[in-house]
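Residue-level structural notes
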Amino acid sequence: MIRIKNLNYKYEDKKVLDNISFEIQEGEKIALLGSNGSGKSTLLRILAGLYKTDGYFFEGKKVKIDKNFRKKLAILFQNPESMIFNPTVYDEIAFSLKEFDIEVGNKVENIASIFGIENLLHKNPLNLSGGEKQKVILAALLVYEPKILLLDEPTTAMDPRTTGWFIDFLIDLNKTFLLATHDLSVAYETCERAIVLNEKHQKIYDGDIEELMKNKDILIEANLIHSHKHKHKKFIHSHYHLHF
């Protein structure tokens, strides 16, 4: 579905992606891992067609950013409020259907029922809780049935209950997705493959997520695990910890 070949990207004079290559096949659930500033968000925005660059091929062709392309990919930003601009939840979900010339019909009510937000359809989405906003935006993205879902640090502002719901949602989701996160627990629970970027904006791993969890050197280089002091009875010592 997606092929990225020797991708480089700069903001003015600052390189944020350095010679990145990978492919994504239909049905894959992939974690894009790296610390803050490694280039994860930039890469997602390139995949979504928000930034133009060479080296991006979709469905066997060089990307042409038009309505047909945008209909096939959906991106969820880290802050759901940045994606909300309609007066009601119903209007928020229906907006993308209208944008892509898809008949609304009962699609809004049906997707709202799946997310358990049918009682919120006539409320202002900006007045909802953080977890409810995430559900509204996910419903608004999935209602037009994109082929690929791009998720940018979606659990950062979630409370534990909403995070649990979101993990269950991704496990059950029958769709190709790329989840950008530095949360190893969420990545391990929901994904089968991992692509890892280091702080030099280079890809340093692409493979099975189970194998990644055993590779302490890669996790340290990507700043995904850290060392801190631990007290065991009267003794204090430091060592690297992996929590997932």
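Residues numbered from 1 in each chain as written. Predicted model: local features only at pLDDT ≥ 70, side-chain atom pairs only at ≥ 80, totals over all residues. Heavy atoms only, no water.

**With respect to the side chain of threonine 88**
Considering the arrangement of structural elements, one finds threonine 88 in the loop between strand S6 (73–76) and helix H3 (89–99). A relative accessible area of 18% means that threonine 88 is categorised as buried. Among the polar contacts made by the side chain of threonine 88, one reaches the side chain of aspartate 91 at a distance of 2.9 Å. Those residues in contact with threonine 88 that sit more than four places away from it in its chain are Leu121, His122, Lys123 and Pro125. (Helix = DSSP H or I, 4+ residues; strand = E, 2+ residues; numbered from the N terminus. Buried < 20%, exposed > 50% of the residue type's maximum accessible area, 1.4 Å probe, protein only. Polar contact = N/O pair within 3.5 Å; in protein donor to acceptor, adjacent residues only side chain to side chain. Contact = heavy atoms within 4.5 Å.)

**Things to note about the sheet that holds strand S1 (residues 2–11)**
Across the sheet, which stays open at both edges, the 4 strands sit in the order S2-S1-S4-S5 with antiparallel pairing between neighbours. Of all strands in the sheet, those with a lone pairing partner are strand S2 (14–24) and strand S5 (61–62), marking the two edges. Examined bridge by bridge, strand S4 (residues 56–58) and S5 share 2 bridges and lie antiparallel to one another. Looking across to S5, one finds that phenylalanine 57 is bridged to lysine 62. Its contacts with the sheet place helix H1 (residues 40–47) against S1, S2 and S4, and it is angled at close to 120 degrees to S1. (Pairing = 2+ DSSP bridges. Axes fitted to C-alpha atoms, helices over the stretch in contact; angles between N-to-C directions.)

**Comments concerning the packing of aromatic side chains**
Within the structure shown, the criterion is met by 12 aromatic pairs. Look at tyrosine 9 and tyrosine 11: their rings are 5.6 Å apart centre to centre, the planes differ by 85 degrees, and that puts the pair in the edge-to-face class. The class of tyrosine 11 is partly exposed, set by a relative accessible area of 36%. Residues tyrosine 9 and tyrosine 51 carry aromatic rings whose centres are separated by 5.5 Å and whose planes lie at 5 degrees to one another, so their mutual orientation is stacked. One end of the pair, tyrosine 9, is in strand S1; the other, tyrosine 51, is in the loop between H1 and S4, with 42 residues separating them in the sequence. Tyrosine 9 sits in the buried class, given a relative accessible area of 15%. Of the residues examined, tyrosine 51 reaches a relative accessible area of 25% and is grouped as partly exposed. (Phe/Tyr/Trp six-rings, centres within 6.5 Å; stacked < 30°, edge-to-face > 60°.)

**Looking at the confidence of the model for the chain**
This prediction gives the chain a mean pLDDT of 90; 92% of its residues lie at or above 70. Every residue in residues 236–240 scores below 50 in pLDDT, and together they form 20 contacts with partners more than four places removed in sequence or on other chains. (pLDDT = per-residue confidence, 0-100.)

**Digging into the nonpolar core**
Judged by nonpolar contacts, the single largest core of 84 residues is most densely connected at Ile2, Leu33, Tyr56, Ile93, Leu149, Leu150 and Leu151. With 7 residues, helix H5 (residues 130–142) is the largest single contributor of residues to this core. Excluding residues within four positions of it along the chain, leucine 151 makes contact with Leu44, Leu76, Leu138, Phe166, Leu170, Phe177, Leu178, Leu179 and Ala180. (Core = buried A, V, L, I, M, F, W, Y, C linked by side-chain atoms within 4.5 Å.)

**Remarks on the layout of surface pockets**
Approximately 510 Å³ is the volume attributed to the largest pocket. Elements with a minimum of two residues in the lining of the largest pocket: S6, H3 and H5. Ranked by residue count, the leading element in the lining of the largest pocket is H3, at 4 residues. Split into classes, the residues belonging to the lining of the largest pocket amount to 14 nonpolar, 3 polar and 3 charged. (1 Å grid on protein atoms, 1.4 Å probe; cavity = no way out; pocket = protein on both sides within 12 Å on 5 of 7 lines; lining within 4 Å. Points joined across faces, edges and corners; volume = space filled by probe spheres on them. Nonpolar A, V, L, I, M, F, W, Y, C, P; charged D, E, K, R; others polar.)

**Description of unusual backbone geometry**
A positive phi angle, close to 50 degrees, is found at asparagine 6, a residue other than glycine. Along the chain, the position of asparagine 6 falls in strand S1. Not every positive phi belongs to a glycine, and glutamate 59 is a case in point at roughly 50 degrees. A relative accessible area of 34% places glutamate 59 in the partly exposed class.

**Quick look at the pattern of salt bridges**
As enumerated under the stated definition, the model contains 12 salt bridges in all. Residue arginine 45 is joined to aspartate 152 by a salt bridge in which the shortest nitrogen-to-oxygen separation is 3.0 Å. Highlighted residues: arginine 45 in helix H1 and aspartate 152 in strand S7 (residues 148–152), separated in sequence by 107 residues. The exposure class assigned to aspartate 152 is buried, which follows from its relative accessible area of 2%. (Salt bridge = Lys/Arg side-chain N within 4 Å of Asp/Glu carboxyl O.)

**Some thoughts on the sheet that holds strand S10 (residues 203–208)**
As summarised here, the arrangement of the 6 strands in space is S6-S7-S8-S3-S9-S10, forming an open sheet in which the pairing is mixed. Each edge of the open sheet carries a strand with a single partner, namely S6 and S10. The mean inter-strand angle of the sheet, taken between neighbouring strand axes irrespective of direction, is 15 degrees. Two strands pair when backbone bridges link them, and strand S9 (residues 193–197) and S10 are joined in this way by 5 bridges, in the antiparallel orientation.

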